[in-house]
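Close look at the chain arrangement
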Amino acid sequence: MENVVVIVGAGPSGLATSACLSAHSIPHVILEKEDVYASLWKKRTYDRLKLHLAKEFCSLPLKPHSPDSPTYIPKDIFVEYLDDYVSTFNIRPQYQRSVELACYDEIDGKWRIEAKNMQSGNTEIYVAEFLVIASGENSAKYIPDLPGLDTFEGEIFHSCEYKSGFKYENKDVLVVGCGNSGMEISYDLSNYGAQSSIVIRNPFHVVSKEMVRLGMIISKYLPISVVDFTVLLMANIAYGDLSKYGIRRPKEGPFSLKATAGRAPVIDVGTVDKIKSKEIKVVPGISRIKGKKVLFEDGAEREFDAIVFATGYKSIANNWMKDYKYALNENGLPKNDFPHHWKGEKNLYCCGLSRRGLFGVSMDAQAIADDIKRVISEKMEK
């Protein structure tokens, strides 16, 4: 089956790339291993989730959010937006196609993609001049292999399986991971009457969504150092010194850290106040687990009914990309630095791997489609 472009993944990255290619009238096919597009948003997000950034930074190409939609969009409204996006641009992914192998044929100068049809069990072969990796940064959940984890007698699950704290009232729940998901899940658990504790080991910035919005707006006009100074000044006024509560601030500013290392600040939803009031307990790293007991690095031990791992995801593109070296490093992330991260060699591209959220997805998709259009046009002129 020969195609001009094959896109792997029908999350926001794949949908955005498809819409941009369609705007250039470039034929393409999307291969998606799940039975639905945007499966992370539709199946694996918690109930209270809202987009952390203002809507002007969270739209996909060619379709801004409605003026009537809230500034910070709840998950359900964002899913409706994606449904409308798919309908508007007539995007039709090939579902339940698990890509097992992709390699570059040096003789033909084309990509060969092998995908398993999970309904029939057959292997399908796709040949394309261009290949776009759009399987995302969040393609596989990550749970660290802690000593004794297999002995834990309570419930263990990843944050992608968490919906709400409803069933954890009066339960002792440990959240491992202090990024945005971990901090918000801790807050949600506490609101439902759970005894919530969170492991905090690494330093991070705490800001409000309004601070981030202001920072993103002024970053268009001012140096990052000035943006960091402004945002940190507001954070100091709002939150004070959090080190006495176990939250340490990195040396590098929040916007600089995001730009250089892809590490986002924590956008506070009320968790900090609960930590200050000790409704949520901060605990150090885990030494080992034994039965229901968790032993911590400071020598303390406590029993828990459940452990939630808000420890993020990892890209698994390298598992099926035989020739990943043309665009990715050994961790399945772009080998080229921003802003050239999206383009590899041999007509291989990657969308949504810049660690810049939906704003980065939109930038990548447009750049990829424009570049493919340029390559095709130059080829036709010869």
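Above this text sits the structure in question.
These numbers come from a predicted model, not from an experiment.

Re the sheet that holds strand β14 (residues 293-296)
Strand order in the open sheet formed by 3 strands is β13-β14-β15, with antiparallel pairing between adjacent strands. Looking along the sheet, the strands with just one partner apiece sit at the ends: β13 (286-290) and β15 (301-303). Across this sheet, the average inter-strand angle for adjacent strands is 20°, counted without regard to direction. As defined by bridge partners, β14 adjoins β15 across 3 bridges and the pair is classed as antiparallel. Among the inter-strand pairings, K293 is bridged to a residue of β15, identified as E303.

Here's the deal with the sheet that holds strand β9 (residues 195-199)
Across the sheet, which stays open at both edges, the 5 strands sit in the order β7-β16-β8-β9-β12 with parallel pairing between neighbours. One side of each edge strand has no neighbouring strand; the edge strands of this open sheet are β7 (155-158) and β12 (280-283). The average undirected angle you get between the axes of adjacent strands in this sheet is 20°. Sheet topology note: the β7/strand β16 (residues 306-309) ladder contains 4 bridges and is parallel. Counted as the bridge partner of I156 is I307 from β16. Along the sheet, helix α4 (residues 180-191) contacts β8 (172-176), β9, β12 and β16; its crossing angle with β9, the most-contacted strand, is approximately 165°.

Overview of the side chain of S197
Checked against the element boundaries, S197 lands in strand β9. Judged by its relative accessible area of 1%, S197 falls in the buried class. Once residues within four sequence positions are removed from consideration, S197 is found in contact with V173, L174, V175, K281, V283, R302 and F304.

Observations concerning the pairing of strand β4 (residues 110-117)
Every second residue of β4 is oriented toward a common face, the buried set being W111, I113, A115 and N117 and the non-buried set K110, R112, E114 and K116. Where strand β3 (residues 97-105) meets β4, 8 bridges bridge the pair, whose relative direction is antiparallel. Bridge pairing links C103 to R112 in β4. Where β3 folds back on β4, the antiparallel hairpin that results is connected by 4 residues, among which G109 adopts a positive phi of roughly 70°. Direction of pairing for β4 relative to strand β5 (residues 123-133): antiparallel, over a ladder of 6 bridges.

A look at the packing of helix α1 (residues 12-23) against helix α10 (residues 357-381)
Following both chains from N to C, one finds α1 and α10 inclined at 35°, their axes separated by 8 Å at the closest point. When you trace α1 past α10, the crossing you get is right-handed. Here P12, S13, A16, T17, C20 and L21 of α1 come into contact with α10, specifically with L358, V361, A365, Q366, I368, A369 and I372. Here the residues of the contact of α1 with α10 sort into 10 nonpolar, 3 polar and no charged.

Cut-offs and rules
- Residues numbered from 1 in each chain as written.
- Predicted model: local features only at pLDDT ≥ 70, side-chain atom pairs only at ≥ 80, totals over all residues.
- Heavy atoms only, no water.
- Pairing = 2+ DSSP bridges.
- Helix = DSSP H or I, 4+ residues; strand = E, 2+ residues; numbered from the N terminus.
- Axes fitted to C-alpha atoms, helices over the stretch in contact; angles between N-to-C directions.
- Contact = heavy atoms within 4.5 Å.
- Buried < 20%, exposed > 50% of the residue type's maximum accessible area, 1.4 Å probe, protein only.
- Left-handed = near helix turned anticlockwise from the far one by under 90°.
- Nonpolar A, V, L, I, M, F, W, Y, C, P; charged D, E, K, R; others polar.

Limitation: the analysis is restricted to geometry and does not speak to function.
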